[in-house]
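Structural overview
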Amino acid sequence: MSSGPGAASVPAPDPHDSPPTSDPLPRKSSMFSSLKVRNYRLFFLGQVVSNIGTWMQRIAQDWLVLSLTGSSAAVGITTALQFLPMLLFGLYGGVLVDRLRKRPTLLVTQSSMGLTAIALAVLTLTGHVQVWHVYVAAFAVGLATVVDNPARQSFVSELVGPGQLQNAVSLNSANFQSARLVGPAVAGLLITGVGTGYAFLFNGLSFVAPLAGLLLMRARELHVVERAPRGKGQLREGVRYVTGRPELIWPIVLVGFVGTFAFNFPVYLSAFADDVFHAGAGAYSMFNTLMAVGSVAGALLAARRGTARLRLLTAAAMVFGALEIVAATTPTLWMFALLMVPLGLFGMTVNVTTNTSIQMSTDPAMRGRVMALYMMVFLGGSPVGAPIVGWITDTYGARIGLAAGGAVAAAAAAVIGLILARVGNLRLSVGWHHGHPRVRFVPREQQEALAPAA
C-alpha cells in the first residue's frame, strides 16, 4: 500500500541509465516468475482466452466489411474509427484511470467490449447487419479502449509490484503475440465453416474469462497505490510531468518515430508479397506468422531479463531499423521471410523495454496519464504514418519504402541515444574486454580518470 506519491514505485533511473550502486531488482529472473503471483496468474489466464477472441474479431470484422461493401477503403474506415477515440481522448482516459480503482474500472470496460461483440454477433447471425453497425461497434470498442488500455497497463504493477514488473509486462506481450498465431487461424476456420457471426460470438463470450479472473482476485494481495484526487489541470500536469523527465519523454518520442514509420508492416509486407515476390496472400500470411514467432521469442527473452535499460531500448531500435534496411535489399523470398523472425524479436524488445522502463520510472499516482500518453503515441503512430509510407511505397517501390522506414527508426534511435548520453553526462568508450572489442557509454568522470593510465 502506498503511503504517498511514489512510495510503491521503484526509484526512477537516471537518464543515462548507468548501473546504480545498489539495485533492488534482480538482473535476471525466472522466465515465468510473475506467474507465481496468484492475482497475476488469474489475470494472465483470462487474457489468454480474451486475446484469442480479440484477434478473431479483428479478422472477422475486416472480412465482414469487405464482404458487405467490396471496398478496401471501408475496411480502412473501420480501423480508423477504432483508433480515433484513442487519438482524441487518450489523455483524458489516463486522467480517469489515475482517479479510479483499476479492478472495478476493468470490470466495466471489459464487460462493455464483450457486450459490443455479442451485439454484433446477433446482428450478423440474424442477417440484419449493415456496414454502419460495424462502424458503430468499432467506435464503441475504441471508446472503451481509451480507458481499458491505460487501466490494464497500470494494473499490472498493482498485481505483481515493482520487483516482477519487467517479467509480467513481457509475459503479457508474449501472451498477446501467441494469440496472434492462434486467433486468425481459428477465425479463418469459423468464417469459412459457419460464418463471421460465430467469430464475434466467440470474442464476446471470451470476455467471461478475464471478468472471472478479476472477480476471483484477492484484494488484500494487490499492491494498491494512492489514487489521484479530483482537481483542475490534471491533464496539463500529466503532460508537464512527462516532458520534464528525459527518461520518460525520449523513449516515448522514440516509440513515436518507430511506430509511425517502421511498424507499418501491413503496408510493407503486403507490398513485398504482391509486388516484389509476386507470391500472393500465402506469402503475406507466412511473413506475419514468422514475425509473430520472433515477437513471442522477444517477449520471452525480455521476461528472462530482470531490468529494462534505456541503452537496451536505443540499441534494439537501431538494430531493428538496420534489419529493415537489410530486408529491403534481400533478393529472394526465403531470405526476406527468415528476416521476419529477428525483426519480430527486436521490434518486441523495443515495445516491452519502453513499456517497462516508463512504468518503472513513473510515480504511481501519475501512471495512468503517462501510460495513456505512451499508448496514444504507440497505437496512434501507425494510422498516422500509414498514408505516408503507403505513398512512398506506391511511388518509389516497396524496397525504398521499407528501407526508408528502417532508416528513420535507426536514425531516431541514434539521435535519442546521444541526447540521453548528453543528459546523463556520458561519453563513448571504445576498448577491449576479455579479448573482444567493447563499445559502451560510461560516466565522463570515469573515462577522464582512466585516461592518464591509458
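What you see is a predicted model; the values in this text were computed from it and never measured.

Turning our eyes to something else, we now look at the overall build of the protein. Scanning the protein from N- to C-terminus turns up 16 helices and two strands. Within the protein, the proportion of its 454 residues that are buried is 49%. Restricting to contacts in the protein with at least 6 residues of sequence separation, those with at least 24 account for 83%. A total of about 20,100 Å² of accessible surface is found on the protein, and carbon and sulfur atoms cover 67% of it.

This part takes up the pattern of salt bridges. Applying the stated criterion across every chain yields a total of six salt bridges. Across the pair Glu 237 and Arg 369 runs a salt bridge whose closest N-O atoms are separated by 3.4 Å. With Glu 237 in helix 8 (residues 234-243) and Arg 369 in helix 14 (residues 367-396), this pair connects stretches of sequence that are 132 residues apart. Overall, the relative accessible area of 4% leaves Arg 369 in the buried class.

Across all of its chains, the model carries 15 aromatic pairs by this definition. By way of ring pairs, the aromatic residues Phe 263, Phe 265, Tyr 268, Phe 320, Tyr 374 and Phe 378 are connected into one cluster. Directly above the ring of Trp 55 sits Arg 58, whose terminal nitrogen or CZ lies 4.6 Å from the centroid.

With that settled, the discussion passes to the packing of helix 1 (residues 38-69) against helix 4 (residues 131-160). Between helix 1 and helix 4, the shortest axis-to-axis distance is 13 Å and the interhelical angle comes to 160 degrees. With respect to each other, helix 1 and helix 4 are oriented roughly antiparallel. Of the two possible hands of crossing, helix 1 and helix 4 adopt the one that is left-handed. Note on element contacts: helix 4 touches helix 1 through Val 131, Val 134, Ala 138, Arg 152, Phe 155, Val 156, Leu 159 and Val 160, opposite Asn 39, Tyr 40, Phe 43, Gln 47, Gln 61, Leu 64, Val 65, Leu 68 and Thr 69.

On to a nonpolar patch on the surface, then. Where nonpolar side chains cluster on the molecular surface, the patch consists of Leu 84, Leu 87, Leu 88, Phe 89, Tyr 92, Leu 143 and Val 384 and spans about 610 Å² of accessible area. In terms of residue count, helix 2 (residues 72-99) provides more of the nonpolar patch than any other element does, five residues in total. Tracing the backbone through its elements, the reader meets Val 384 in helix 14.

Attention shifts here to the packing of helix 3 (residues 102-125) against helix 4. A packed helix pair is summarised by two numbers, namely the angle formed by the two axes and the spacing between the axes. Orientation of helix 3 relative to helix 4, taken along the N-to-C sense of each, is 155 degrees, at an axis distance of 9 Å. Looking at the two axes, helix 3 sits roughly antiparallel to helix 4. Where helix 3 crosses over helix 4, the two elements pack in a sense that is left-handed. When the residues that make up the contact of helix 3 with helix 4 are grouped by side-chain class, the tally is 12 nonpolar, eight polar and five charged.

What counts and what doesn't
Residues numbered from 1 in each chain as written. Predicted model: local features only at pLDDT ≥ 70, side-chain atom pairs only at ≥ 80, totals over all residues. Heavy atoms only, no water. Helix = DSSP H or I, 4+ residues; strand = E, 2+ residues; numbered from the N terminus. Buried < 20%, exposed > 50% of the residue type's maximum accessible area, 1.4 Å probe, protein only. Contact = heavy atoms within 4.5 Å. Areas by Shrake-Rupley, 256 points an atom, 1.4 Å probe, with all protein chains shown as cover. Salt bridge = Lys/Arg side-chain N within 4 Å of Asp/Glu carboxyl O. Phe/Tyr/Trp six-rings, centres within 6.5 Å; stacked < 30°, edge-to-face > 60°. Lys NZ or Arg CZ within 6 Å of the ring centre and 35° of its normal. Axes fitted to C-alpha atoms, helices over the stretch in contact; angles between N-to-C directions. Parallel < 35°, antiparallel > 145°, perpendicular 65-115°, else oblique. Left-handed = near helix turned anticlockwise from the far one by under 90°. Patch = residues over 30% accessible without salt bridge, like charges linked within 9 Å, V, L, I, M, F, W, Y side chains within 5 Å. Nonpolar A, V, L, I, M, F, W, Y, C, P; charged D, E, K, R; others polar.

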